Amino acid sequence: MKGAIQQQIPEELIYEMVKGKPIYYRDFRAYLNGDKHIDEIMGSSKLQSLIIAELIFLLRSFLGDEYLIFTNEIGLQFSKKSWRAADIAVIKSDQVKALDNKYLEVAPELVIEIDSKAELNEIKNPLSYYHEKTDELLNFGVEKVIWIFTDTKKIMIAKKGQQWILVNWADLVEIKEGLVLDLEKIVRRGK
């Protein structure tokens, strides 16, 4: 992180934890200064929310009851002091032994991220955040990671041991075999 943080930061402002080092929510300083409410820094935009809702519906319709679809920044526990949040995580139902108040400790097959709620200004190289998080997810055992970037209208698809692909929103993206994402169609529905 750039510069030392002078005041104690509340735990609820931690978005993710990497080897004991916190990554805070975007605009956490504005909350600490009293300029924003906590829900303003943790909330999603209308566009992000629409994309997530439509993707959940699409996934549920295609996958049926064989899979569980977790959302709402589900925590993925890599080790004791390392965890990441996911907008959408898809995992076979039989891989989840109990539904409780703990983070997911088994790798989902698919993780879909829409932008990031991380404070990237605190990271030396903000672009590295996306690469490092994707690598950690793939090393954890996630088969495919899909990033949807709303500002640049790009989609990144990453699979372990394969070349990562960056495409435009207009391109069709295979989420799972037989299931294709047409992001432009989803966005047009919201207009």
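Remember, it's a predicted structure, so these values are computed and weren't measured experimentally.

Each value, and the rule that gives it
Residues numbered from 1 in each chain as written. Predicted model: local features only at pLDDT ≥ 70, side-chain atom pairs only at ≥ 80, totals over all residues. Heavy atoms only, no water. Helix = DSSP H or I, 4+ residues; strand = E, 2+ residues; numbered from the N terminus. Rg over C-alpha atoms; globule rule 2.2 N^0.38 Å. Buried < 20%, exposed > 50% of the residue type's maximum accessible area, 1.4 Å probe, protein only. Contact = heavy atoms within 4.5 Å. Lys, Arg positive; Asp, Glu negative; His and termini not counted. Salt bridge = Lys/Arg side-chain N within 4 Å of Asp/Glu carboxyl O. Polar contact = N/O pair within 3.5 Å; in protein donor to acceptor, adjacent residues only side chain to side chain. Pairing = 2+ DSSP bridges. Core = buried A, V, L, I, M, F, W, Y, C linked by side-chain atoms within 4.5 Å.

Caption draft 1: Representation of the overall build of the protein chain within the structure. A tally of regular secondary structure across the protein chain gives five helices and 10 strands. For 191 residues, the compact-globule formula gives about 16 Å, and the C-alpha radius of gyration of the protein chain, at 17 Å, lands near that figure. Taken across its 191 residues, the protein chain has 45% of its residues classed as buried. For the protein chain, the proportion of contacts with a sequence separation of at least 24, taken over those separated by at least 6, is 54%.

Caption draft 2: Structural detail: the side chain of Asp87. Checked against the element boundaries, Asp87 lands in strand 4 (residues 82-92). Despite its burial, Asp87 remains without a salt bridge, the nearest opposite charge being carried by Lys117 at 4.2 Å. At a separation of 2.7 Å, a polar atom in the side chain of Asp87 contacts the main-chain amide nitrogen of Ile114.

Caption draft 3: The arrangement of the pairing of strand 3 (residues 67-79) in detail. Bridge analysis of strand 3 against strand 4 gives 10 bridges, and the strand direction is antiparallel. Pairing of Gln77 across the sheet is with Trp83, part of strand 4. Taking the residues between adjacent antiparallel strands as the criterion, strand 3 and strand 4 are bridged by two residues.

Caption draft 4: The side chain of Ser116, seen in detail. Relative to the assigned elements, Ser116 resides in the loop between strand 5 (110-114) and helix 4 (126-140). For Ser116, the residues in contact, after removing those within four places along its chain, are Tyr15, Arg26, Tyr129, Tyr130 and Trp147.

Caption draft 5: Focus on the nonpolar core. In terms of nonpolar packing, the biggest core is built from 35 residues, with Phe70, Leu104, Tyr129, Val145 and Trp147 touching the most fellow members. Taken together, the elements giving at least two residues each to this core come down to strand 1 (14-18), strand 2 (21-24), strand 3, strand 4, helix 4, strand 6 (144-149) and strand 7 (154-159). It is strand 4 that provides the largest number of residues to this core, a total of five residues. For Val145, the contacting residues outside a window of four places in its chain are Val111, Thr134, Leu137, Leu138, Met156, Ile157 and Ala158. Formed by 25 residues, the second largest nonpolar core is a distinct cluster that contains Tyr67, Leu110, Ile155 and Leu181.

Caption draft 6: Examining unusual backbone geometry more closely. In the Ramachandran plot, Asp27 falls in the positive-phi region, its phi being about 65 degrees despite a non-glycine side chain. Mapped onto the elements, Asp27 comes out in the loop between strand 2 and helix 1 (28-32). Residues other than glycine seldom take positive phi values, yet Asp115 does so here, at roughly 55 degrees. One can find Asp115 in the loop between strand 5 and helix 4. Residue class for Asp115 comes out buried when judged on its relative accessible area of 11%.

Caption draft 7: Looking closely at the pairing of strand 2. The pairing of strand 1 with strand 2 spans four bridges and is classified as antiparallel. Bridge pairing links Glu16 to Ile23 in strand 2. The hairpin turn running from strand 1 into strand 2, its antiparallel successor, is two residues long, and Lys19 in that turn takes a positive phi close to 50 degrees.

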